[in-house]
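Here is what each chain is made of, one letter per residue.
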Amino acid sequence: VSQTPNGGRSSAWSNRVGAGAPVEGAGRSGTGEEVAAAQATASALRDPTRRKAVVDANAVIKGFRLEHLDAVCVTVEEVRAEIRDAKGREALRALPVELTTSEPSEEALDAVKRFAAKTGDLAALSGVDIKLIALAYELEMVNHGVEHLRTEPAALRTHSKSTNRFSKQPGW
């Protein structure tokens, strides 16, 4: 995160979205409508008042009704590649909402990997899972900052009171 000339905060991701690079369709030459749609999506991803939904392949394959979320739906390119069967591809084509593709920054990927390593979850997460979590982290960072997010896992809670099922219980 860096300071902008007007004193605001900026991240590498927001700079790329501002330039239009990570949003699907923005880097391509196309009609004015396509470019305008890509710019509108990039603007919506940076708007803290708009809801965002990071979408995994399961949501598409299982037919989750994304239009009911009233959110900008965003995913990574690998999620589209995970949908291989004909039924899943048809579900992807028939989505009533636009599924925007974006890539998380290296900073967000590193933050997610560090945290997952501390919790012991890194080995259980796929590369696509890590990218989706990093994308969610980055959207949070761009829109609301990350000061409210943990950088260290919560301490484990242990139950120190021993119970004995044979001890006299109240009321017996």
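Refer to the structure printed above.
Overview of the structure. (Residues numbered from 1 in each chain as written. Predicted model: local features only at pLDDT ≥ 70, side-chain atom pairs only at ≥ 80, totals over all residues. Heavy atoms only, no water.)

**Re the packing of helix H6 (residues 106-119) against helix H7 (residues 127-144)**
So, step 1. Between H6 and H7, the least distance of the axes is 8 Å, while the angle of their chain directions is 115°. Relative to H7, H6 is oriented roughly perpendicular. For H6 against H7, the interelement crossing comes out right-handed. Of the residues in H7, those in contact with Glu-107, Ala-108, Leu-109, Ala-111, Val-112 and Lys-113 of H6 are Ile-130, Lys-131, Ile-133, Ala-134, Tyr-137, Glu-138 and Met-141.
So, step 2. Classifying every residue of the contact of H6 with H7 gives 9 nonpolar, no polar and 4 charged. (Axes fitted to C-alpha atoms, helices over the stretch in contact; angles between N-to-C directions. Helix = DSSP H or I, 4+ residues; strand = E, 2+ residues; numbered from the N terminus. Parallel < 35°, antiparallel > 145°, perpendicular 65-115°, else oblique. Left-handed = near helix turned anticlockwise from the far one by under 90°. Contact = heavy atoms within 4.5 Å. Nonpolar A, V, L, I, M, F, W, Y, C, P; charged D, E, K, R; others polar.)

**A closer look at the sheet that holds strand S4 (residues 72-75)**
Each strand in a sheet pairs with another by means of backbone hydrogen bonds, the pair being arranged parallel or else antiparallel.
So, step 1. The sheet built from 3 strands is open, its strands ordered S3-S4-S5 with parallel pairing. Looking at which strands have only one partner, the edges of the open sheet turn out to be strand S3 (52-54) and strand S5 (99-101). Across the sheet, the mean angle from the axis of one strand to that of its neighbour is 35°, orientation sign disregarded.
So, step 2. As paired strands, S4 and S5 are joined by 3 bridges and run parallel to one another. In the strand pairing of S5, Val-74 is matched with Thr-100. (Pairing = 2+ DSSP bridges.)

**Here's the deal with the side chain of Ser-105**
So, step 1. Here Ser-105 is to be found in the loop between S5 and H6.
So, step 2. Since its relative accessible area comes to 2%, Ser-105 is described here as buried.
So, step 3. A distance of 3.2 Å separates a polar atom in the side chain of Ser-105 from the backbone nitrogen of Ala-108. (Buried < 20%, exposed > 50% of the residue type's maximum accessible area, 1.4 Å probe, protein only. Polar contact = N/O pair within 3.5 Å; in protein donor to acceptor, adjacent residues only side chain to side chain.)

**Quick notes on helix H2 (residues 32-46)**
So, step 1. The end-to-end C-alpha separation of H2 is 21 Å, in line with the 21 Å expected for 15 residues at 1.5 Å each.
So, step 2. Along H2, the residues that are buried comprise Ala-38, Thr-41, Ala-42, Ala-44 and Leu-45. Summarising the axial view, the buried residues of H2 lie within an arc of 160°, below the 170-degree limit, and thus occupy one face. Along H2, exposed side chains directed more than 90 degrees from the buried face belong to Gly-32, Glu-33 and Gln-39. (Expected span 1.5 Å × (residues − 1). Arc of directions from axis to C-beta.)

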